[in-house]
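This is what each chain is made of:
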Amino acid sequence: QKEVEQNSGPLSVPEGAIASLNCTYSDRGSQSFFWYRQYSGKSPELIMSIYSNGDKEDGRFTAQLNKASQYVSLLIRDSQPSDSATYLCAVLIINTGTASKLTFGTGTRLQVTL
Amino acid sequence: DARVTQTPRDKVTEMGQEVTMRCQPILGHNTVFWYRQTMMQGLELLAYFRNRAPLDDSGMPKDRFSAEMPDATLATLKIQPSEPRDSAVYFCVEEKVGNYGYTFGSGTRLTVV
């Protein structure tokens, strides 16, 4: 089982709709969770972070975390063509005495259609 | 936000040649990671350093890869000899001191022919 799993997609949504991206993780010691957006040929950029159960909203983005189910999701409201990219879920395990380890899923490709 | 600088941006080399990739961390970031990204495997952690000391390089093929941080302004990843399967984009990633933001460098696209 992979440590962080995502559906590779592509996930296709019409402009203006809500895009829902999902991620599951295997290590219950995971403590911090991140969503990165990566445009083709570019570096990943951090768009959301979440540390506790529940929802966290930032503009059109909402991250949701359920540690009991080991599940984290990203909702994008009012999807725009510029949101078309690969979205990477990342999970952080904090180790005392060593650096924290950030593990990535393979990403979900989102296509927002006109 | 300031960008983490990586050089070269693109590198094409022949199998068997040595390749050195460089990363210039932003001052104040005390943990530096090297990741490799391929279509098949996604982002794989190769090695990471805290305060310039290597903490974990278990993700790295030791017989051909080496990672160092000779000073606070430079991290290097070296492959010798390179093989076609090393073709990937290599990212340097920094952890921001004081919070858990991780900043990616611009990446080095390596092609070994």
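The structure contained in this document is the topic of the report that follows. (Residues numbered from 1 in each chain as written. Chains lettered and ligands numbered in written order. Predicted model: local features only at pLDDT ≥ 70, side-chain atom pairs only at ≥ 80, totals over all residues. Heavy atoms only, no water.)

1. A word on empty space enclosed by the protein
Residue and element names in this part refer to chain A.
Part 1 of the reasoning: In the structure shown here, the tally under the stated rule is 1 cavity of 30 Å³ or more.
Part 2 of the reasoning: The space that makes up the largest cavity amounts to roughly 40 Å³.
Part 3 of the reasoning: Lining the largest cavity are Glu3, Val4, Tyr25, Ser26, Asp27, Ser30, Val91, Ile93 and Thr103.
Part 4 of the reasoning: Per-class residue counts for the lining of the largest cavity are 4 nonpolar, 3 polar and 2 charged. (1 Å grid on protein atoms, 1.4 Å probe; cavity = no way out; pocket = protein on both sides within 12 Å on 5 of 7 lines; lining within 4 Å. Points joined across faces, edges and corners; volume = space filled by probe spheres on them. Nonpolar A, V, L, I, M, F, W, Y, C, P; charged D, E, K, R; others polar.)

2. Considering the state of the cysteines
Residues and elements named next belong to chain A.
Part 1 of the reasoning: All chains considered together, the criterion is met by 2 disulfides over all chains.
Part 2 of the reasoning: Each sulfur of the disulfide joining cysteine 23 and cysteine 89 lies 2.1 Å from the other. Sign of the S-S torsion, about -70 degrees for the bond between cysteine 23 and cysteine 89, identifies this disulfide as left-handed. Taken together, the residues span a long stretch of sequence, with cysteine 23 in strand β3 (residues 19–25) and cysteine 89 in strand β9 (residues 85–93) at a distance of 66 residues. Residue cysteine 23 shares its accessibility class with cysteine 89, and that shared class is buried. (Disulfide = S-S within 2.5 Å. Helix = DSSP H or I, 4+ residues; strand = E, 2+ residues; numbered from the N terminus. Buried < 20%, exposed > 50% of the residue type's maximum accessible area, 1.4 Å probe, protein only.)

3. Digging into the sheet that holds strand β7 (residues 65–71) of chain B
Residue and element names in this part refer to chain B.
Part 1 of the reasoning: What the 4 strands build is an open sheet, ordered β1-β3-β8-β7; its pairing is antiparallel. Lying at the two open borders of the sheet, with one neighbouring strand each, are β1 (5–7) and β7. Adjacent strand axes in the sheet meet at a mean angle of 15 degrees when their direction is disregarded.
Part 2 of the reasoning: As paired elements, β1 and strand β3 (residues 19–24) share 3 bridges and run antiparallel to each other. (Pairing = 2+ DSSP bridges. Axes fitted to C-alpha atoms, helices over the stretch in contact; angles between N-to-C directions.)

4. Focus: the pairing of strand β5 (residues 45–50) of chain A
All names here are of chain A.
Part 1 of the reasoning: The sheet contact formed by strand β4 (residues 32–38) and β5 spans 5 bridges and is antiparallel. The partner of tryptophan 35 across the bridge, within β5, is methionine 48.
Part 2 of the reasoning: Counting the residues that bridge the hairpin from β4 to β5 gives 6 residues, and of these glycine 41 lies at a positive phi of roughly 80 degrees.

5. Quick word on the packing of aromatic side chains
Part 1 of the reasoning: Applying the stated rule across the entire model yields 12 aromatic pairs over all chains.
Part 2 of the reasoning: Where A:Tyr36 meets B:Phe104, the ring centres are 5.4 Å apart and the plane angle is 75 degrees; that geometry is what we call edge-to-face. With one member in each of two chains, A:Tyr36 in strand β4 and B:Phe104 in strand β10 (residues 102–104) form a pair that bridges those chains. Accessibility classification places A:Tyr36 together with B:Phe104 in one group, the buried group.
Part 3 of the reasoning: By the ring-pair criterion, three or more aromatic residues cluster together here, those being A:Phe34, A:Tyr36, A:Tyr51, A:Phe104, B:Phe33, B:Tyr35, B:Tyr48, B:Phe91, B:Tyr102 and B:Phe104.
Part 4 of the reasoning: The ring of A:Phe61 carries the charged tip of A:Arg60 above its face, separated from the ring centre by 5.6 Å. (Phe/Tyr/Trp six-rings, centres within 6.5 Å; stacked < 30°, edge-to-face > 60°. Lys NZ or Arg CZ within 6 Å of the ring centre and 35° of its normal.)

6. Re the interface of chain B and chain A
Part 1 of the reasoning: Listed as interface residues are 22 residues of chain B and, on the opposing side, 20 residues of chain A.
Part 2 of the reasoning: In total, chain B and chain A occlude about 1600 Å² of area from one another, counting both sides; carbon and sulfur atoms represent 59% of this.
Part 3 of the reasoning: Seen at the junction of chain B and chain A, the total is 0 salt bridges.
Part 4 of the reasoning: One can count 5 residue pairs in polar contact (both at pLDDT 80 or more) joining chain B with chain A.
Part 5 of the reasoning: At the level of elements, β4 (29–38), β5 (42–50) and β10 of chain B are the ones that each hand at least two residues to the side of chain B that touches chain A.
Part 6 of the reasoning: The greatest single-element share of the side of chain B that touches chain A, amounting to 5 residues, is contributed by β5(B).
Part 7 of the reasoning: In terms of residue class, the side of chain B that touches chain A is built from 10 nonpolar, 8 polar and 4 charged. (Contact = heavy atoms within 4.5 Å. Buried area = accessible area lost by both parts, 1.4 Å probe. Salt bridge = Lys/Arg side-chain N within 4 Å of Asp/Glu carboxyl O. Polar contact = N/O pair within 3.5 Å; in protein donor to acceptor, adjacent residues only side chain to side chain.)

7. Some points on the nonpolar core
Part 1 of the reasoning: Ranked by internal contacts, the top residues of the largest apolar core, which has 23 residues, are A:Trp35, A:Val72, A:Leu74, A:Ile76 and A:Tyr87.
Part 2 of the reasoning: Within the residue set of this core, elements represented by two or more residues are β3, β4, β5, β7 (61–66), β8 (71–76), β9 and β11 (108–113) of chain A.
Part 3 of the reasoning: The contact partners of A:Leu74, leaving out residues within four places of it in the chain, are A:Ala19, A:Ser20, A:Leu21, A:Trp35, A:Ile47, A:Met48, A:Phe61, A:Thr62, A:Ala63 and A:Tyr87.
Part 4 of the reasoning: Listed in part, the 21 residues of the second largest apolar core include B:Met21, B:Trp34, B:Phe49 and B:Ala75. (Core = buried A, V, L, I, M, F, W, Y, C linked by side-chain atoms within 4.5 Å.)

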